[in-house]
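Breakdown of the fold
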Amino acid sequence: MQKTMEMDRETITEKLNSYGIAADELVSFVTCDLSHPETYGTCVLCALRGAICVIYEDGTFLLRKYSEIKSINTENYISSAAVVIRTQTEEMALSYFTLSVSAKIEQFMSLVRKLMDGQNPDCVKMEEKTGDDFSYINRGRKKLFLRVLSYVPKYKKQLVKMILIIFLITGINLIQPYITGTILYDHVLNPDGMFSGRIAELVILIASIAAFSTFLGILQGRIGAEMSGNIIYDIKTEVFSSMQKLGMSFFSSKRTGNLLNRINSDALDIQYFLNDGLPNFIINGATICSVGLFLFIVNPVLSVAVIVPLPLIALIIKKSVRVFKKLKWHSWRKSSSMNSVINDSLMGIRVVKAFGKETSETERFCKASKELCDNRIREGVASAKVFPLLNFIMALGGLVVWGLGGAQVVSGKLTFGELMSFVGYLSLLYNPVNFMVKTFDWWTSCMNSAQRIFEVIDRKTDVPESHSPISIENLKGNVELRNVTFSYEPNRPVLKNVSLSVESGEMVGLVGHSGAGKSTITNLITRLYDVSDGEVLIDGVNVKELSFDTLRSNIGMVLQETYLFTGSIAENIAYGKPNASRDEIIDAAKKAYAHDFIMNLPDGYDTLIGKNGMDLSGGEKQRISIARAILMNPPILIFDEATSSLDTKTEQQIQKAMQLLIKDRTTIAIAHRFSTLKNADRLIVVEEGCVVEEGTHEELFNKDGGVYASMAKKQLESLNITAEI
Ligand code: ATP
């Protein structure tokens, strides 16, 4: 596991002293391992007697008194999180950390909460907590490695073939030095040898063995590629399907944008290891063991000479592995920082261009890229030192063997051929050592990647389907919220004790200022989130008890922002009913007033949209979305009206399409336009998470001092169309 530069108590008290804080003020501290959401760096959170403070890597310092803090929480992203505090006037992330230290941070925060509650600082202690969600990090690499290997048994046949080939390759490796040493020199080139003069046959034998070995190598590569490819396919499928099951809170994190990239490159690291690292590790390990054993049996004296440099080699490897590990970790951090610069810049390219920040963004990228480049150079320099040094020591070992072996040849204890074989075996013993260092490198990358992948796979959804879900065949479409309270984040309720009901077939408009909680109400009805308190009922059944299938197939959505998937227009319309016939699709498009503009597209209903295809205007996208809902024909419809203004013709078309769509179904519309508001059977006014008014447009419009009346009148004034209404 990678570690951050942990500071000790003494260093921290020294730092605190430099900020004028006495050493006995420090109650406890914890080290965080990110300086920004995706930039690695160390910062220390300190719990003081009367305040919390953070010492950042660059020497800056921040302090907030407990009396000022309203709440302290962690905000989880994917494999990182932040410690966030809220005061009367501000909300800020104090520090960021990877989930590998989350258990420690939780312990620290519970201690801080106790101090905030006024407990005696001399009595509070850090609780020992176990059972972190991301337990692989804490349980260590062995468990992680075993889990990666647990994907292998599914491919038993390939595995057996692979093991057989590995044994054959190891066997051939063992035969070769014997043939090119003892057989060649003692039996073929020696006039008294068993096969004296049969050079051509020996050459053919050596060539055949080399050809067979190459064939086995190709076969092993092929089986390895097949197996690792399939394993990675399994892992990626598992990650993707796990992600699909996660609740919206997972996706609302800003850092999900590069999640797929990350999974792809992490999966690739595992594939490299399974494909190349692991088989070669086994081959080399088996070669080292069998050659070692063989040499001892054949010539124990020379074998001791072979072993002499091994402790030195082991020491150098041990030291260099530590250096490589550190350098790798730094490179990983630097490349993460560079990626987040690229990500930031590309995701916010409109803002970058609007503010003319292209040059400064390029400078930011160059800085991050240079840091990565410098670290990669350091890596290269380190390996340029280590590997030649290892080779030199091995060459010295070879010289010792030559010396001692030569003496044995002269004294007649050893034949020249045997000495040549021994030298051959020596390289069989030393060369894999080099490879083992590289394999360790791969192993480290593979484990880091596996850790991140399993974190996503193991993440539990906060909106699980009931164990015995209820399916309703013909849903009537009665919707009710009963005393619902909901907060996205702890202690910040967005809906407060909301109760409302919508009868089957009724059209209700949700009205309110921006941020009042209208979309949140629809999010709870569709169960994108679960209520914190109270109940959401559909046809009298709690949505938590309903099967996902019933929920998804009975609630249609027309959202402000219509997302069109890569594919044809027809496929996009049929997204909710993939088996719809072309006639049904065209009929839905006609009802949504989309048919005409679709027919004007180059390939009509087969025109490709989305990535690499055509882009549609907001009004066109909305009509596609309405066509989708018409085709799906759900008993409950949620309609989030677009706030952006459309031209009069498009607006009229959308209104007509909507009238057709809402007919005979329960409709909950987040309404902004007067045409929609006036047509609603009933309006529900939401203000700061509470239902404050209910009634028809006329009733509410004429209510003196009413929230709706004031909103509507302001809007009318600004639109200057009072007369028309
Ligand atoms: P608008 O008309 O502008 O869409 P709304 O009435 O639909 O606003 P909601 O989107 O329900 O308002 O948001 C209600 C409150 O919840 C807002 O303060 C918003 O910042 C907050 N909120 C919405 N989504 C999240 C989220 N995923 N995480 C945290 N807070 C959120």
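Relevant structure appears above.
Since the structure is predicted, the reported quantities are computational estimates derived from the model, not experimental observations. (Residues numbered from 1 in each chain as written. Predicted model: local features only at pLDDT ≥ 70, side-chain atom pairs only at ≥ 80, totals over all residues. Heavy atoms only, no water.)

Here we come to the environment of Leu310. When you line up the elements, Leu310 lands in helix 10 (residues 309–347). Put simply, Leu310 and Tyr430 are 120 residues apart on the chain and 8.8 Å apart in space, counted from C-alpha to C-alpha. (Helix = DSSP H or I, 4+ residues; strand = E, 2+ residues; numbered from the N terminus.)

Moving on to the side chain of His697. Tracing the backbone shows His697 in helix 22 (residues 697–701). Within the structure, the side chain of His697 is placed 2.6 Å from the side chain of Tyr708, a separation counted as a polar contact. (Polar contact = N/O pair within 3.5 Å; in protein donor to acceptor, adjacent residues only side chain to side chain.)

A few words now on the side chain of Ser625. Note that Ser625 resides in helix 19 (residues 618–632). Sequence-distant contacts of Ser625, that is, excluding residues within four places in its chain, are made with Met557, Val558, Leu559 and Thr562. (Contact = heavy atoms within 4.5 Å.)

Moving on, we come to a nonpolar patch on the surface. There is a patch of nonpolar side chains on the surface, built from Leu389, Phe392, Leu396, Leu399, Trp402 and Phe416 and spanning about 590 Å² of accessible area. Broken down by element, the nonpolar patch gets its largest block of residues, five residues, from helix 12 (residues 358–410). Leu389 gets classed as partly exposed once you look at its relative accessible area, which sits at 41%. (Patch = residues over 30% accessible without salt bridge, like charges linked within 9 Å, V, L, I, M, F, W, Y side chains within 5 Å. Areas by Shrake-Rupley, 256 points an atom, 1.4 Å probe, with all protein chains shown as cover. Salt bridge = Lys/Arg side-chain N within 4 Å of Asp/Glu carboxyl O. Buried < 20%, exposed > 50% of the residue type's maximum accessible area, 1.4 Å probe, protein only.)

Before going further, it helps to spend a moment on helix 2 (residues 102–116). Helix length check: helix 2, at 15 residues, gives a terminal C-alpha distance of 20 Å against a target of 21 Å (1.5 Å per residue), a fit within 8%. Taken together, the buried positions of helix 2 are Ser102, Ile105, Gln107, Phe108, Met109, Ser110, Leu111, Val112 and Leu115. (Expected span 1.5 Å × (residues − 1).)

In spatial order, the strands read 9-8-11-12; together these four strands make up an open sheet with antiparallel pairing. Strands with a single pairing partner mark the edges of an open sheet, and in this sheet they are strand 9 (493–502) and strand 12 (541–542). Pairing geometry for strand 8 (residues 479–487) and strand 11 (residues 533–538), over five bridges, is antiparallel. Each residue of the ladder has a partner; that of Thr485, found in strand 11, is Asp533. (Pairing = 2+ DSSP bridges.)

What follows deals with the nonpolar core. In terms of nonpolar packing, the biggest core is built from 45 residues, with Ile569, Ile573, Ile598, Ile626 and Tyr708 touching the most fellow members. Considering every element that reaches this core, the biggest residue donor is helix 19, with six residues. Not counting residues up to four positions away in its chain, the partners in contact with Ile573 are Ile585, Ala589, Ile598, Tyr605, Ile624, Ala627, Arg628 and Leu631. (Core = buried A, V, L, I, M, F, W, Y, C linked by side-chain atoms within 4.5 Å.)

Bringing the site of the ligand into the picture now. Taken together, 13 residues sit near the ligand, with Ser514, Gly515, Gly517, Ser519 and Thr520 positioned nearest. The separation between an oxygen atom of the ligand and a polar main-chain atom of Gly515 is 2.8 Å. Within the backbone of Gly517, an N or O atom sits 2.9 Å from an oxygen atom of the ligand. With the chains in place, 62% of the 640 Å² that the ligand exposes on its own is no longer accessible. In terms of residues, the shell around the ligand owes the most to one element, helix 14 (residues 518–525), which gives three residues. Looking at the shell around the ligand residue by residue, the class counts come to four nonpolar, seven polar and two charged. (Near = heavy atom within 4 Å. Nonpolar A, V, L, I, M, F, W, Y, C, P; charged D, E, K, R; others polar.)

Now for the packing of helix 5 (residues 156–188) against helix 6 (residues 199–245). It is at 9 Å that the axes of helix 5 and helix 6 come closest, and there the two elements cross at 160°. Viewed along their axes, helix 5 and helix 6 adopt a mutual orientation that is roughly antiparallel. In this structure, helix 5 crosses over helix 6, and the sense of that crossing is left-handed. (Axes fitted to C-alpha atoms, helices over the stretch in contact; angles between N-to-C directions. Parallel < 35°, antiparallel > 145°, perpendicular 65-115°, else oblique. Left-handed = near helix turned anticlockwise from the far one by under 90°.)

Turning our eyes to something else, we now look at the sheet that holds strand 13 (residues 555–558). Spatially, 13-16-17-10-18-19 is the arrangement adopted by the six strands of the open sheet, whose pairing is mixed. Looking along the sheet, the strands with just one partner apiece sit at the ends: strand 13 and strand 19 (690–695). Pairs of neighbouring strands in the sheet enclose a mean axial angle of 20°, with direction left out of account.

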